[in-house]
Amino acid sequence: MSNLCPKFEKAMQLLSKRWVGLVLSELLSGTKRFSEMEADLPISGRLLSDRLKMLEKEGIVKRDVYSEFPVRIEYSLTEKGKSLQPVVAAIRHWADDWVRPEEVEEHVN
């Protein structure tokens, strides 16, 4: 059990970072360009960029650069990232069952 605790804590810190869940949800539906994610998510471009860099460093997101004109950059999940699908689905299911609409409105404001 002692070996599990630091790993579990690391995973929870990563997944609980603000906006990470939404970025993962977005990429679970497939490869996206930055501008697509920026349009779909209620997050600033700077913060989205920070989260994508962090997830890339963790080996969860892959960034592909295509030397076209203009340059095309696409983001997708690695196998490590795709393996989070059941975790994200379970959290979504739990939230649907247990989080009341007024709790969401309180949190957003």
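First, a word on what this report is: a plain description of the structure on this page. (Residues numbered from 1 in each chain as written. Predicted model: local features only at pLDDT ≥ 70, side-chain atom pairs only at ≥ 80, totals over all residues. Heavy atoms only, no water.)

## Let's talk about the overall build of the protein
The condition that has to hold: Think of it this way: any DSSP run of H or I at least four residues long counts as a helix, any run of E at least two long counts as a strand, and we number them from the N terminus. Exposure categories follow from relative accessible area, calculated using a 1.4 Å probe and restricted to protein chains: below 20% of the type maximum is buried, above 50% is exposed, and the middle band is partly exposed. Residues count as neighbours in contact if any of their non-hydrogen atoms are within 4.5 Å of one another. Surface exposure here means Shrake-Rupley accessible area, sampled with a 1.4 Å probe, where a residue is shielded only by the protein chains that are shown.
Across its full length, the protein carries 7 helices and 3 strands. By its C-alpha atoms, the protein is 45 × 40 × 20 Å across when sized along the principal axes. With 109 residues in all, the protein has 25% of them scored as buried. For the protein, the share of sequence-separated contacts (at least 6 apart) that also reach a separation of at least 24 residues comes to 48%. Summed over its atoms, the accessible surface of the protein is roughly 8000 Å², and 56% of this surface lies on carbon and sulfur atoms.

## Re a nonpolar patch on the surface
For clarity, the cut-off: In this analysis, a patch consists of residues with relative accessible area above 30% that form no salt bridge, clustered at 9 Å for like charges and at 5 Å for the nonpolar side chains Val, Leu, Ile, Met, Phe, Trp and Tyr. Salt bridges are counted wherever a side-chain nitrogen of Lys or Arg sits within 4 Å of a carboxyl oxygen of Asp or Glu.
Where nonpolar side chains cluster on the molecular surface, the patch consists of Trp94, Trp98, Val99 and Val104 and spans about 450 Å² of accessible area. Along the chain, Trp98 falls in helix H6 (residues 85-98). Classification of Trp98 as exposed rests on a relative accessible area of 61%.

## A word on the pairing of strand S2 (residues 61-66)
Basically, it comes down to this: The pairing criterion for strands is at least two bridges between them, as found by DSSP.
Of the strand pairs in this sheet, S2 and strand S3 (residues 72-77) are connected by 6 bridges, and their pairing is antiparallel. In the strand pairing of S3, Asp64 is matched with Glu74. Between S2 and S3, which follow one another and run antiparallel, lie 5 residues.

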